[in-house]
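# Analysis of the macromolecular model
Next come the chains, spelled out residue by residue.
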Amino acid sequence: MGPYDAVFVGSGINALAGGALLAKAGWRVCILERSDRLGGAIRTEEGLVAPGFTHEVFSSWHPLFTGSPAYAELQGDLERHGLEYLNTDLPTGSAFPDGSSAFLTTSLEDNVAELERHATGDGAAWQTAFEGFMANADLSFGVLSSELWSGAGFGLGQKAYRRFGRRGLLAYGGEVLSSCRDWLGDTFASPQAHGLLAPWVLHTGLGPEQPLSGFMTKVIGAALQLGGMPVPKGGGVKLVDALAAIMRDAGGDLRTKAEVERILVADGRATAVRLADGEAIQAERAIVAGVTPTQLYGRLLAEGETPAPVREAAARYRYGLAGMQIHIAMSERPRWRGDERLARTAIVHVTPGLDGVSRAVNEATRGLLPAEATIVCGQPMAVDPSRGPEDGWIVWIQLQELPQRPVGDAAGEIDVGDGTWTDGLREAYADRIVARLGAQIENLESASLGRVVLSPADIAALDVNLEHGDIYAGA
């Protein structure tokens, strides 16, 4: 089949959803994946740590996808192909060193009561913030889904101007640019509210002092209350399989073990891709590269074929902080210290609070292993019990505040050597994290059946290994 209207390089969620939508609209679509499986950062593994447990190696939670227009359009087809999303009314909480905790649910009334429990007035402040956000949700989500220097972005600006006027638009712009620290400090009195919401900004790749981080915290807080923390029953592979089936039903072409060697550019426009075996695949309308910047600019676009402004922008690109994942299988359900709701919560952040998040980001930015990193503790079996034995449990740990190449340890306890993520360094830092989590989950050590740790170097290796898809550092 060919030439195609659109060719996607990489088979992550954006490629699969985009390919399914375009194929259903009548486009001739091809997706090319260099590994032996589709899905990119959606990678489900049976028995990764112990027999009988189904782990998500990278991306695990899908709240933004299920709240997207793409899901709304494809939902019927996805369900027809066997996809079932499970959800929870307890999407997130935070566990603090003193044994206290705070929660965000899918109920506005319950969230008002929960935040009011920590400080008088915080519940009303949450309701005011949520209702204010929803009044302009079309603009807020439009900012996230539009290229601002495009026709759609210009139309969004006009819409905002008509709604707010000049002064109101400036005020809205200032609100969008506010930091997480400023917004939380201006809105809530209790440190528990700060510690509940601040860790979520890490999931956007920002720190709590950065511009836009306050706006992003509001977006995620509203999304969690509205949509919970959905996961596909049986694992993310079910979503991959369903999207692929939609494409095939519409005549789309999906190829694995198809490594793209070069994107071919003519007159400033990408027109075709060349595979490693020499085959050229034409694209008459679009080529979409869902790959990392390193792959796109360092390999797929040859320097001589890439316009100078693109090369210059690529040369300025810098990766942000690195990530680590720790996967643990347990022989019994967790016994959390403190509030029993923690054992039913999809994602628990273990953190000292807002200052702790800021401190860890600052340490990692300076090249140090954080002394007290924010622990993202996912509990997929709290939402989907089919992921393991009836009496078992899965702990999915993600760390988002690590240096790509450490120069030291903020706690002064771990020798980082020359900064290479060796097996010894990886396991030493994982020991620190698991010990901290063990202070919150009393039976973590005694019930552990084993663990698998992915350091930043391991994740990077998976990113370039032909047997694996691309890593997505997200929730």
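What counts, and where the lines are drawn
- Residues numbered from 1 in each chain as written.
- Predicted model: local features only at pLDDT ≥ 70, side-chain atom pairs only at ≥ 80, totals over all residues.
- Heavy atoms only, no water.
- Core = buried A, V, L, I, M, F, W, Y, C linked by side-chain atoms within 4.5 Å.
- Buried < 20%, exposed > 50% of the residue type's maximum accessible area, 1.4 Å probe, protein only.
- Helix = DSSP H or I, 4+ residues; strand = E, 2+ residues; numbered from the N terminus.
- Contact = heavy atoms within 4.5 Å.
- Expected span 1.5 Å × (residues − 1).
- Salt bridge = Lys/Arg side-chain N within 4 Å of Asp/Glu carboxyl O.
- 1 Å grid on protein atoms, 1.4 Å probe; cavity = no way out; pocket = protein on both sides within 12 Å on 5 of 7 lines; lining within 4 Å.
- Points joined across faces, edges and corners; volume = space filled by probe spheres on them.
- Pairing = 2+ DSSP bridges.
- Axes fitted to C-alpha atoms, helices over the stretch in contact; angles between N-to-C directions.
- Phe/Tyr/Trp six-rings, centres within 6.5 Å; stacked < 30°, edge-to-face > 60°.

Here the focus is the nonpolar core. One recurring pattern in soluble globular proteins: nonpolar side chains tend to sit buried together. Grouped together as the largest cluster of nonpolar side chains are 41 residues, with contacts concentrated most on I326, W336, V395, I397, Y429 and L437. If you list the elements that add at least two residues to this core, you get β13 (322–330), β14 (347–350), β16 (375–378), β17 (393–402), α15 (423–438) and α16 (444–447). Setting aside chain neighbours within four positions, we find Y429 in contact with M324, L369, P370, A373, L399, L402 and I414. Counting residues in each nonpolar core, the second largest holds 39 residues, with A125, L184, F215 and V219 among its members.

With that settled, consider helix α1 (residues 13–24). Look at α1: 16 Å from first C-alpha to last across 12 residues, which is about the 16 Å you get at 1.5 Å a residue. Buried within α1 we find A15, L16, A17, G18, G19, A20 and A23. Considering only its buried residues, α1 is in contact with β1 (4–9), β2 (29–32), α2 (63–66), α3 (69–80), α11 (237–249) and β9 (253–255).

Opposite charge on two side chains permits pairing when their charged atoms draw close. Summed over all chains, the structure comprises 28 salt bridges. We note a salt bridge from E114 to R341, for which the minimum N-O separation is 3.4 Å. Of the two residues, E114 is situated in helix α4 (residues 108–118) and R341 in the loop between β13 and β14; the sequence distance between them amounts to 227 residues. Residue E114 is classed as buried on the basis of its relative accessible area of 6%. For the salt bridge of R181 with E209, the shortest nitrogen-to-oxygen distance reads 2.3 Å. Of the two residues, R181 is situated in helix α8 (residues 180–187) and E209 in the loop between α9 (191–197) and α10 (213–227); the sequence distance between them amounts to 28 residues.

All told, the structure shown has 2 cavities of 30 Å³ or more when counted by the stated rule. Within this model, the second largest cavity holds a volume of roughly 60 Å³. Residue lining of the second largest cavity: W126, A129, F130, F133, W183, T217, K218, G221 and A222, and that is the complete set. For the lining of the second largest cavity, the elements supplying multiple residues, two or more each, are α5 (122–135) and α10.

Strand order in the open sheet formed by 7 strands is β7-β6-β14-β16-β17-β13-β19, and the pairing between neighbours is mixed. The sheet is open, and its two edges are formed by β7 (101–104) and β19 (448–454), each paired on a single side. With direction set aside, neighbouring strand axes in the sheet form an average angle of 20°. Alignment of strand β6 (residues 92–95) against β14, held across 4 bridges, turns out to be parallel. Paired with S94 across the two strands is H349, which belongs to β14.

Summed over all chains, the structure comprises 4 aromatic pairs. With centroids separated by 6.1 Å and ring planes inclined at 80°, the aromatic side chains of W61 and W396 adopt a geometry described as edge-to-face. With W61 in the loop between β4 (54–56) and α2 and W396 in strand β17, this pair connects stretches of sequence that are 335 residues apart. For the pair formed by W61 and W396, the shared burial category is buried. When the centroid spacing of 5.6 Å and the interplanar angle of 85° are considered together, the rings of W183 and F188 count as edge-to-face. F188 shares its class with W183; the two are buried. Grouping aromatic residues by their ring pairs yields a cluster made of F65, Y71 and Y85.

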